[in-house]
Amino acid sequence: MSTKKKSLALVLGGGAPNATLMAGSLVAFIEAGVEFDIISTSGAGAIVGLLYMAAKGQPPKQALEKLADMGVADALYSAFPVNFKVFNKPGLMADLWRQWQQANPVLQAIQAQADQGPLQRLAADWSSWLMATLCPSDLNAQSQGLCAHVPFIDQVVDFSKLASIKPQFYLNAYNLSRKRMECWDKRQITHEHFLAALSFPLIYPPYLLDGDYYIEGAAIDTLNFKRLFQDHPYIDTTVVFDVLGSEEILHPPRDLYDAWVQSIITPLTEIARDDLKLFEALHNKDAEGKPRTKLLRVAYDKFIRPEQREQELDWSYSNLSQMYQAGYAAGQALCRDHAAELGLA
């Protein structure tokens, strides 16, 4: 007698740089053999989800393991605590400068040695910092955002793969022009949709797409539940990667830059907690009051040591690596404790 396969969904919420928490958990799921039927993403969760489903030129596990490479070598980060790899200067001349860097064989040879050891990583990041410092920019008082829209994503994600992947895949963004949240599926998502969905206010300018301006969906809805349960009224199990919905992420700022980061994270933490509460109280009930899904939330707080908390949002390479390991351990624990729900038993 055959039994129907149970449906399994994954919700990847917003949150960076602790997105490596999500990357570590996904690697644990890959190793355990977990396969999702539906994936819903928001904000930085989209980067993790796209690396998982449409990594360019490498297996998903390898792509996720390398996400910590977005971090800056510790010796350099301690002197200049800004991630110049991720937050790039805007403007046409800046774009041309980055294209020249990518075509420069000397610079690329230095970057290729980054994973050979701490000194090689420092040399690679120092050269990147120098190029970022020299990069021209058209930033001015009339600019709508500080940075260029995530210019490196095409190097690591193959958007042409998305339409043919097996799971359903969703990405949300807020339409500023029409004052409404929009959610695209795998048949619609292109490079441009990704840029629109990661246009966090002030950091990136609103993105113009098909005549409308968009900002990051996670700035308003950090956990993209709504479309998920519109299209799929019943899902047996839903795994939630929520890296923002913990009060432990908040702390007295260490300096002015950290205060600015906390000013962004503080409202997002409350939004994430409210999103989960609203879902559990309202959206996870059908007309008869029965639950639509069994919710499994990855217990990140249990695997992040208290002494790591103040650095959790730092872009240093060591912190991103530690967050990856914490996420990996949390993912292993979920696979072990909920094997039946994840289709492993």
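Computed from a predicted structure; not experimentally measured.

### Let's talk about the side chain of Thr-269
Structurally, Thr-269 can be placed in helix α11 (residues 256-283). For Thr-269, the contacting residues outside a window of four places in its chain are Leu-244, Gly-245, Ser-246, Glu-247, Ile-249 and Leu-250.

### What about the packing of aromatic side chains?
Applying the stated rule across the entire model yields 13 aromatic pairs. Pairing Phe-225 with Phe-279 gives two aromatic rings, centres 4.1 Å apart and planes at 10°, and the pair type is stacked. Of the two residues, Phe-225 sits in the loop between β6 (212-216) and α10 (226-231) while Phe-279 sits in helix α11, which places them 54 residues apart along the sequence. Classification of Phe-279 as buried rests on a relative accessible area of 0%. Each residue in the set Phe-29, Phe-36, Tyr-52, Phe-241 and Tyr-300 is aromatic and connected to the rest through ring pairs, giving one cluster. If you follow Arg-121 out to its NZ or CZ, it ends over the ring of Tyr-317, 3.6 Å from the centre.

### Considering the pattern of salt bridges
Per the counting criterion, the structure on display carries 18 salt bridges. Asp-242 is the salt-bridge partner of Arg-297, the closest N and O atoms lying 3.0 Å from each other. Of this pair, Arg-297 sits in strand β8 (residues 294-297) while Asp-242 sits in the loop between β7 (237-241) and α11, and the two are 55 residues apart along the sequence. By relative accessible area, which is 6% here, Asp-242 ends up buried. Here Arg-309 makes a salt bridge to Glu-312, at a shortest N to O gap of 2.6 Å. Judged by relative accessible area, which is 9%, Arg-309 ranks as buried. One connected set of salt bridges, linked through shared partners, spans Glu-247, Glu-270 and Arg-273.

### Side note on the domain arrangement of the protein chain
When cut into domains, the protein chain gives domain 1 (8-76 + 147-341) and domain 2 (91-134). Taking only C-alpha atoms into account, the centre of domain 1 sits 27 Å from that of domain 2. Contact with domain 1, which involves ten residues of that partner, is made by seven residues of domain 2. Taken together, both faces of the contact between domain 1 and domain 2 bury some 680 Å²; the carbon and sulfur share is 63%. Here domain 1 is connected to domain 2 by one salt bridge. The salt bridge partner of Asp-69 is Arg-121, with a shortest N-O separation of 3.5 Å. Counting the contacts that link domain 1 with domain 2 gives three residue pairs in polar contact (both at pLDDT 80 or more).

### Details of α11
Compared with the 40 Å implied by 1.5 Å per residue over 28 residues, the 39 Å span of α11 between its first and last C-alpha is a close match. The inward-facing, buried residues of α11 abut α10 and β8.

### Focus: the pairing of strand β4 (residues 180-185)
Two faces, one strand: in a regular strand the side chains alternate between the faces of the sheet. As paired elements, strand β3 (residues 168-175) and β4 share six bridges and run antiparallel to each other. What sits directly across from Asn-172, in β4, is Cys-183. Count of turn residues in the β3/β4 antiparallel hairpin: four residues, of which Lys-179 carries a positive phi of about 55°.

### Looking at the UniProt feature "domain: PNPLA" (unreviewed entry) in the protein chain
As annotated by UniProt and renumbered to match this structure, "domain: PNPLA" (unreviewed entry) occupies residues 10-226. Helix makes up 39% of residues 10-226 and strand 13%, and the two end C-alpha atoms of the span are 13 Å apart.

### Concerning the environment of Thr-222
Residue placement: Thr-222 occurs in the loop between β6 and α10. Since its relative accessible area comes to 1%, Thr-222 is described here as buried. Counting along the chain gives 49 residues from Thr-222 to Ile-271, while the straight-line C-alpha distance between them is 6.8 Å. Excluding anything up to four places from it in sequence, Thr-222 contacts Gly-13, Gly-14, Ser-42, Leu-244, Leu-268, Ile-271, Ala-272 and Asp-275.

### Some details on the packing of helix α1 (residues 19-32) against helix α2 (residues 45-54)
Closest axis-to-axis distance for the α1/α2 pair is 9 Å, and the angle between their directions is 30°. Put simply, α1 runs roughly parallel to α2. When you trace α1 past α2, the crossing you get is right-handed. Here Ala-19, Met-22, Ala-23, Leu-26 and Ile-30 of α1 come into contact with α2, specifically with Gly-45, Val-48 and Tyr-52.

### Side note on the layout of surface pockets
The volume enclosed by the second largest pocket comes to roughly 340 Å³. Lining the second largest pocket are 16 residues, and of these Met-181, Asp-221, Asn-224, Lys-226 and Arg-227 lie nearest its centre. Secondary structure elements with two or more residues in the lining of the second largest pocket: β4, α10 and α11. Sorting elements by how many residues they give to the lining of the second largest pocket places α11 first, with four residues.

Criteria and cut-off values
Residues numbered from 1 in each chain as written. Predicted model: local features only at pLDDT ≥ 70, side-chain atom pairs only at ≥ 80, totals over all residues. Heavy atoms only, no water. Helix = DSSP H or I, 4+ residues; strand = E, 2+ residues; numbered from the N terminus. Contact = heavy atoms within 4.5 Å. Phe/Tyr/Trp six-rings, centres within 6.5 Å; stacked < 30°, edge-to-face > 60°. Buried < 20%, exposed > 50% of the residue type's maximum accessible area, 1.4 Å probe, protein only. Lys NZ or Arg CZ within 6 Å of the ring centre and 35° of its normal. Salt bridge = Lys/Arg side-chain N within 4 Å of Asp/Glu carboxyl O. Domains from an automatic or database assignment. Buried area = accessible area lost by both parts, 1.4 Å probe. Polar contact = N/O pair within 3.5 Å; in protein donor to acceptor, adjacent residues only side chain to side chain. Expected span 1.5 Å × (residues − 1). Pairing = 2+ DSSP bridges. UniProt positions renumbered as here; feature names shortened; annotations may be inferred. Axes fitted to C-alpha atoms, helices over the stretch in contact; angles between N-to-C directions. Parallel < 35°, antiparallel > 145°, perpendicular 65-115°, else oblique. Left-handed = near helix turned anticlockwise from the far one by under 90°. 1 Å grid on protein atoms, 1.4 Å probe; cavity = no way out; pocket = protein on both sides within 12 Å on 5 of 7 lines; lining within 4 Å. Points joined across faces, edges and corners; volume = space filled by probe spheres on them.

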